[in-house]
Amino acid sequence: MKSLLALGLIATAFVLSSMQSFDSAKVFRVKPHNEKQVNVMKYLASILQLNFWYPDSDLHIVREMEVDFYVSAEQSNIVQTLMEKNKIQYEVLFPNLQEVIEKQVSKETNSTCRHSYTKYNEWHKISAWTARIAKKNPKLVSRIKIGNTFEKRPMYLLKVGKESGRGKAIFMDCGIHAREWISPAFCQWFLKEAIRTYGMDQNMTNILDNMNFYILPVFNIDGYIWSWTQNRLWRKSRSKTSNSDCVGVDLNRNFGVAWGTVDSSRNPCKETYCGSSAESEPETKAVTTFIRNHLSSIKAYLTVHSYSQMLLFPYGYTYDEIPDHDELNEVAKEAVQAISSLYGEEYKYGSSAITIYPSSGCSEDWAYSQGIKYSFAFELRDKGRYGFLLPESQIKPTCQEIVLAVKSIASYVLNQAL
């Protein structure tokens, strides 16, 4: 046992030493107040390596928007000088990004092989957990392989619910963007809560007796592993692109709805690279194939992201309202009220293009285009204080409040489907 623990510590030390360092890199929050300042920000993005957190590219920068990005230590002085010269409001959220990265994951997380619902889990722990939880709860949970990633890792989803509810289902995925660790943490937490409270909580019991959940704990497995082993802030998948040394596709720009139009790039080196064609990526194809094969039963689609505390619904690629706008807006309103009832956290809600920013080829728009009316995207905590580096201490409260929102949506969908 001691030798195994020692090997684990050595492996962890190797991983930490091989990761890209963000030592002295700074995270800025900038708020331009006029068009001149907006143009300065876009100019900065054209001459420096600004790594955007919110929004996901300089295309969306407008007046009065809080813009979060990080730059290397070498370029941070240039940013600050230009901000001050042009009287642009800014603050430094993290003066040393590497220090925050190292604090996000506790030493206990790094040194133990055990899966934990209140810690961020590496992929091998999550993978083992999917098999274990299905084996322990055969009357309520089953594991289904839906495909393989680019690097040939199996993609498993977990079906939770009683046989009596198999005619109606909700599909929920987490971790489509690798760096958004709170997202997979939620899918794991939700499944745990569904099992734990079945038979005790009337609402959850009613849902699982009459409806199944298909839960994909980590959509972007290859990218998630890379975010643990090489680059904590990696976003895309890990697929290779012909005629380019740049790696990865933004899987949430790879769906076949308005593909390659708004807020997506044909440049493989960009964070929002949409792939060579719609559904070009094996991960995307695995999900779309499964959903198409189960369209008769899938009544809702939920995709979980971070950060910015929002609950979004279609459309993302146009400012036009969907035919079901008023109904989905009301469903989102009730879900957001459920969230705030626990810890008082405020979430915005509304159509994606208007509430956050326009984007195309996204999963919730695609699901809606397939006839899945109740299609929503969550953006979990926080609003930028920690961004993608949400501390482990916030996993439990974040997951607790979002469980309430999912139950709210599921109860509504179930009532409509009866």
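About the criteria used
- Residues numbered from 1 in each chain as written.
- Predicted model: local features only at pLDDT ≥ 70, side-chain atom pairs only at ≥ 80, totals over all residues.
- Heavy atoms only, no water.
- Core = buried A, V, L, I, M, F, W, Y, C linked by side-chain atoms within 4.5 Å.
- Buried < 20%, exposed > 50% of the residue type's maximum accessible area, 1.4 Å probe, protein only.
- Helix = DSSP H or I, 4+ residues; strand = E, 2+ residues; numbered from the N terminus.
- Pairing = 2+ DSSP bridges.
- Axes fitted to C-alpha atoms, helices over the stretch in contact; angles between N-to-C directions.
- pLDDT = per-residue confidence, 0-100.
- Contact = heavy atoms within 4.5 Å.
- 1 Å grid on protein atoms, 1.4 Å probe; cavity = no way out; pocket = protein on both sides within 12 Å on 5 of 7 lines; lining within 4 Å.
- Points joined across faces, edges and corners; volume = space filled by probe spheres on them.
- Nonpolar A, V, L, I, M, F, W, Y, C, P; charged D, E, K, R; others polar.
- Arc of directions from axis to C-beta.
- Polar contact = N/O pair within 3.5 Å; in protein donor to acceptor, adjacent residues only side chain to side chain.
- Parallel < 35°, antiparallel > 145°, perpendicular 65-115°, else oblique.

Student: Help me out: how do you make sense of the nonpolar core in this one?
Tutor: If you look at soluble globular proteins, the nonpolar side chains tend to sit buried side by side. In this structure, Phe171, Phe186, Phe213, Phe376 and Phe378 are the most contacted members of the largest nonpolar core, which totals 86 residues. Looking at which element gives the most residues to this core, the answer is helix H14 (residues 395–417), with 10 residues. Counting residues in hydrophobic clusters, the runner-up holds 20 residues, among them Phe94, Leu97, Ile101 and Ala377.

Student: Quick question: what am I supposed to make of the sheet that holds strand S2 (residues 51–54) here?
Tutor: Picture the strands of a sheet paired through backbone hydrogen bonds; they go either parallel or antiparallel. In space, the 4 strands of this open sheet follow the order S2-S3-S1-S4, with antiparallel pairing throughout. The sheet is open, and its two borders are formed by S2 and strand S4 (89–94), each paired with just one other strand. Going from strand to strand, the sheet's axes swing by 30° on average, the running direction of each strand aside. One ladder, built from 5 bridges, connects strand S1 (residues 26–31) with strand S3 (residues 67–71); its direction is antiparallel. Counted as the bridge partner of phenylalanine 28 is phenylalanine 69 from S3.

Student: In this structure, what is going on with the confidence of the model for the protein? I would like to understand it.
Tutor: Caution applies to low-pLDDT parts of the model: their predicted coordinates are not meant to be read in detail. Residues at a pLDDT of 70 or more form 94% of the protein, whose mean pLDDT is 94. Low pLDDT, under 50, characterises residues 1–16; the stretch is placed with 6 contacts to residues that sit more than four places away or in other chains.

Student: Teacher, can you tell me more about empty space enclosed by the protein here?
Tutor: The gaps left among the atoms become clear once a water-sized probe is rolled over them. As enumerated under the stated definition, the model contains 1 cavity of 30 Å³ or more in all. Of the voids in this model, the largest cavity is the one considered here, and its volume is about 250 Å³. Contributions of two or more residues to the lining of the largest cavity are made by S2, strand S9 (298–306) and strand S12 (374–380). Among the residues making up the lining of the largest cavity, the classes are represented as 9 nonpolar, 6 polar and 7 charged.

Student: I tried to follow unusual backbone geometry on my own but got confused; where do I start?
Tutor: A cis amide bond, omega 0°, links proline 314 with the succeeding residue tyrosine 315. With respect to the helices, strands and loops of the structure, tyrosine 315 is situated in the loop between strand S10 (310–313) and helix H11 (325–343). Along the chain, arginine 381 connects to aspartate 382 via a cis peptide bond; the corresponding omega equals 0°. Looking at where aspartate 382 falls in the secondary structure, it is placed in the loop between S12 and H14. Despite not being glycine, glutamate 64 has its phi angle at roughly 70°, a positive value. By the element assignment, glutamate 64 lies in the loop between S2 and S3. With a phi angle near 65°, asparagine 243 is a residue other than glycine that sits in the positive phi range.

Student: How should helix H4 (residues 97–104) be read in this particular structure?
Tutor: The periodicity of an α-helix, 3.6 residues per turn, causes residues three or four places apart in sequence to face the same way. When H4 is considered as a whole, its buried residues turn out to be Leu97, Gln98, Val100, Ile101 and Gln104. Down the axis of H4, the sector holding all buried residues measures 160°, keeping them to one side. Facing away from the buried surface of H4 by more than 90 degrees, the exposed residues are Glu102 and Lys103. Looking at the buried residues of H4, the elements they touch are S1, S2, S3 and S4.

Student: Hey, could you run me through the layout of surface pockets in this one?
Tutor: Roughly 810 Å³ of volume is contained in the largest pocket. Lining of the largest pocket is provided by 33 residues; of these, Gln49, Leu50, Asn51, Cys269 and Glu271 occupy positions nearest its centre. At the level of elements, helix H2 (35–47), S2 and S3 are the ones that each hand at least two residues to the lining of the largest pocket. A breakdown of the residues in the lining of the largest pocket according to their chemical character gives 14 nonpolar, 12 polar and 7 charged.

Student: Sorry, what's going on with the environment of tryptophan 228 here?
Tutor: Assignment of secondary structure puts tryptophan 228 in helix H9 (residues 221–229). On the accessibility criterion, tryptophan 228 (8% relative accessible area) is buried. In this structure, the C-alpha to C-alpha distance between tryptophan 228 and glycine 199, residues 29 residues apart in sequence, is 37 Å. Among the polar contacts made by the side chain of tryptophan 228, one reaches the side chain of tyrosine 224 at a distance of 3.2 Å.

Student: How do you make sense of the packing of helix H7 (residues 182–197) against helix H8 (residues 202–210) when you look at a structure like this?
Tutor: In a pair of packed helices, the angle between the axes and the distance between the axes together describe the arrangement. Relative orientation of the contacting elements H7 and H8 amounts to 100°, with a least axis distance of 9 Å. As summarised for this structure, H7 and H8 are arranged roughly perpendicular, according to the angle between their axes. Contacts between H7 and H8 pair Phe190, Glu193, Ala194 and Thr197 from the former with Met204, Thr205 and Leu208 from the latter. Residues of the contact of H7 with H8, tallied by class, amount to 4 nonpolar, 2 polar and 1 charged.

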